[in-house]
Amino acid sequence: MNDSHRSSGMVDRPADQSWRNTIVRVKHSARGAFTSAVEAVFPQVCQFCGTPDVADGDPLCAACVAAVQGQMNEPYCPRCGQTLPP
């Protein structure tokens, strides 16, 4: 440190943590606002039935997931994919 810093009481220190916290909060707020705006224009809906009852980020609603999983357990034709009778 030079003499002018010593006489004025200034101390060299790392970047202020509160400044970083403020930047992080602004970033998260902006991301949340952007996500809300996109969802207002393009609401999340089930890709099969079109209901708006989907979990965050999931392409299908719970009812369609259950239906697809139920059909996967049934025997099917490996060539055409049709469900075979029991």
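A quick note: this is a predicted structure, and the numbers were derived from the prediction, not measured.

Along the backbone of the protein there are three helices and zero strands. The 86 residues of the protein split such that 5% are buried. Within the protein, counting contacts between residues at least 6 apart in sequence, those at least 24 apart form 0% of the total. Just so you have it, the protein exposes about 7,600 Å², and 59% of that area is on carbon and sulfur atoms.

The next thing to look at is the confidence of the model for the protein. Atomic detail in the predicted coordinates should be set aside for any region of low pLDDT. On average, residues of the protein carry a pLDDT of 76, and 83% of them reach 70 or more. Ranking the elements of the protein by mean pLDDT puts helix H1 (residues 3-8) last with 50 and helix H3 (residues 62-72) first with 83.

Evaluation of the coordinates by the stated rule reveals zero disulfides. Of all cysteine sulfurs in the structure, the one in Cys64 sits closest to Cys46, which takes part in no disulfide; the separation is 3.6 Å. Of the residues examined, Cys46 reaches a relative accessible area of 3% and is grouped as buried. Cysteine Cys80 shares no disulfide, and the gap to the nearest cysteine sulfur, in Cys77, comes to 3.7 Å.

Each value, and the rule that gives it
- Residues numbered from 1 in each chain as written.
- Predicted model: local features only at pLDDT ≥ 70, side-chain atom pairs only at ≥ 80, totals over all residues.
- Heavy atoms only, no water.
- Helix = DSSP H or I, 4+ residues; strand = E, 2+ residues; numbered from the N terminus.
- Buried < 20%, exposed > 50% of the residue type's maximum accessible area, 1.4 Å probe, protein only.
- Contact = heavy atoms within 4.5 Å.
- Areas by Shrake-Rupley, 256 points an atom, 1.4 Å probe, with all protein chains shown as cover.
- pLDDT = per-residue confidence, 0-100.
- Disulfide = S-S within 2.5 Å.

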